[in-house]
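Okay, here's what each chain looks like letter by letter:
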Amino acid sequence: MENPSSPDDKASQGFLVLGMHRSGTSVLTRLLQAAGAELGNRLVPGSKGNEEGHWEDAFAVETNERLLAALGYRWDDLRPLPDGWLDGTAARQARDAIRGYLRSTLNRHRVWALKDPRLCLLAPLWLAALADEGIRPAVVLLVRHPSEVADSLAVRDGMARAKGLLVWLRNVLAAERASRALPRELVLYQELVSDWPRVLERVRQLPGGQHLLSAGQLLARGSKVIQPERRHHIAATDDDPSMPSPVAELWRLQRQAADAELDVAALDRLSTSIATVDRLFVPVLEELAREQSLLWQRAARAEAELAEETSRLFCLPGELAQLRDAVGEHTARLTTAISGEIRRMQEEHGRMLAEV
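Residues numbered from 1 in each chain as written. Predicted model: local features only at pLDDT ≥ 70, side-chain atom pairs only at ≥ 80, totals over all residues. Heavy atoms only, no water.

1. Section: the overall build of the chain
Reasoning step 1: Helices and strands together make up the secondary structure of the chain, namely 11 helices and 4 strands.
Reasoning step 2: Counted over contacts in the chain with a minimum sequence separation of 6, partners at least 24 positions apart contribute 78%.
Reasoning step 3: Looking at the chain as shown, the accessible area adds up to about 19,000 Å², and 55% of this sits on carbon and sulfur atoms. (Helix = DSSP H or I, 4+ residues; strand = E, 2+ residues; numbered from the N terminus. Contact = heavy atoms within 4.5 Å. Areas by Shrake-Rupley, 256 points an atom, 1.4 Å probe, with all protein chains shown as cover.)

2. Some points on helix α8 (residues 196-203)
Note that an α-helix has 3.6 residues per turn; residues three or four places apart therefore point the same way.
Reasoning step 1: Buried within α8 are the following residues: W196, V199, L200, R202 and V203. Taken down its axis, α8 places every buried residue within 160° of arc, on the same side.
Reasoning step 2: Taken together, the buried residues of α8 touch β1 (13-19), α1 (25-34), β3 (138-143), β4 (184-188), α7 (189-194) and α9 (215-220). (Buried < 20%, exposed > 50% of the residue type's maximum accessible area, 1.4 Å probe, protein only. Arc of directions from axis to C-beta.)

3. A few points about the pairing of β3
Within a regular beta strand, the side chains point alternately toward one face of the sheet and then the other, so they alternate between its two faces.
Reasoning step 1: Most of β3 is tucked away, with 6 of its 6 residues classed as buried.
Reasoning step 2: Pairing geometry for β1 and β3, over 5 bridges, is parallel. What sits directly across from L16, in β3, is V139. (Pairing = 2+ DSSP bridges.)

4. Overview of the pattern of salt bridges
Reasoning step 1: What the rule picks out here adds up to 29 salt bridges.
Reasoning step 2: For the salt bridge of E191 with R202, the shortest nitrogen-to-oxygen distance reads 3.4 Å. Taken together, the positions of E191 in helix α7 and R202 in helix α8 put the pair 11 residues apart, joining distant regions of the chain. In this structure, E191 and R202 share a single accessibility class: buried.
Reasoning step 3: As a salt-bridge pair, R204 and E201 come within 3.0 Å of each other at their nearest N and O atoms.
Reasoning step 4: Accessibility expressed as a relative area gives 26% for E201, which makes it partly exposed.
Reasoning step 5: What emerges from the salt-bridge pattern is a single network uniting E176, R177, R180, R184 and D268. (Salt bridge = Lys/Arg side-chain N within 4 Å of Asp/Glu carboxyl O.)

5. Things to note about unusual backbone geometry
Reasoning step 1: Positioned with a positive phi, R22 is a non-glycine residue whose angle comes to about 65°.
Reasoning step 2: Along the chain, the position of R22 falls in the loop between β1 and α1.

6. Digging into a nonpolar patch on the surface
Reasoning step 1: A surface patch of nonpolar side chains, about 300 Å² in accessible area, is lined by V277, L280 and F281.
Reasoning step 2: Along the polypeptide, L280 turns up in helix α11 (residues 264-355).
Reasoning step 3: Residue classification places L280 among the exposed positions, given a relative accessible area of 58%. (Patch = residues over 30% accessible without salt bridge, like charges linked within 9 Å, V, L, I, M, F, W, Y side chains within 5 Å.)

So this is what it looks like as structure tokens:
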């Protein structure tokens, strides 16, 4: 990979970790943190599948989620982002927020790393904001076997295997294209798990890497950042015949790049073929997205109505108790009144008999 000359040691240097969800980006970012990279003031807490933490900057995740929602997209969307999204109002607002965050937080540190799988799709926005602040980050592209990613998504999210493979394809292609002009290093997940010291030393060759601790220093500290036993999904073979041909081709190109430069011409041909298919299927996906949105709206209304009815039912016992108390009080008053009236009539009847 390209390794331009390192910047001034006094300047703040950033690393962008670009990798598809469930590709091991948390492990890689944790390694960078252990080596001395700042990850931000507020990290996303652990959750199912990443109990020890995601090592993600909460600001980045929240900013990316808001932008995707404003565009009508999700992280697992099969559609490409709309044309011109980078110039829209939502993107401009996000860009301004990112610039402010860089000035107030990340740029205060000598070396920092930023990780959020959504950066694969939204890297152009972040790179534009970084350029506005005079920052040229280094990029670590992390790629994992697409079948392993799809299997992991199926376990964590119940996602269909075919969808997982297509989401992998779109994210990996987007991350590669967005980072071409930057100093970068491509890392295969199996390399990270099996030989993290070598991976760290390769990352340290990128601009800013001189500020990171060496593998030897981490080992001397007894650091156990990488735990191979936590790898739950392992593909039986690199050439999985069940993968669609574009997915298999992209994975082949990524594997080859571990020992040589990425074949950008082949990647461009692959992107062009996918764009051709997009023109055919994206209108269908757009219609499905609109229908899904309507279904979600109806489900939300039904849920609100159900909650209202449930709340009303929960109030019924109290209302019934109040009614019973009111009926009891009314019955007591009526009984007293009737008893008094009976006594009065009896007394009147006695007087009448006496007169007769």
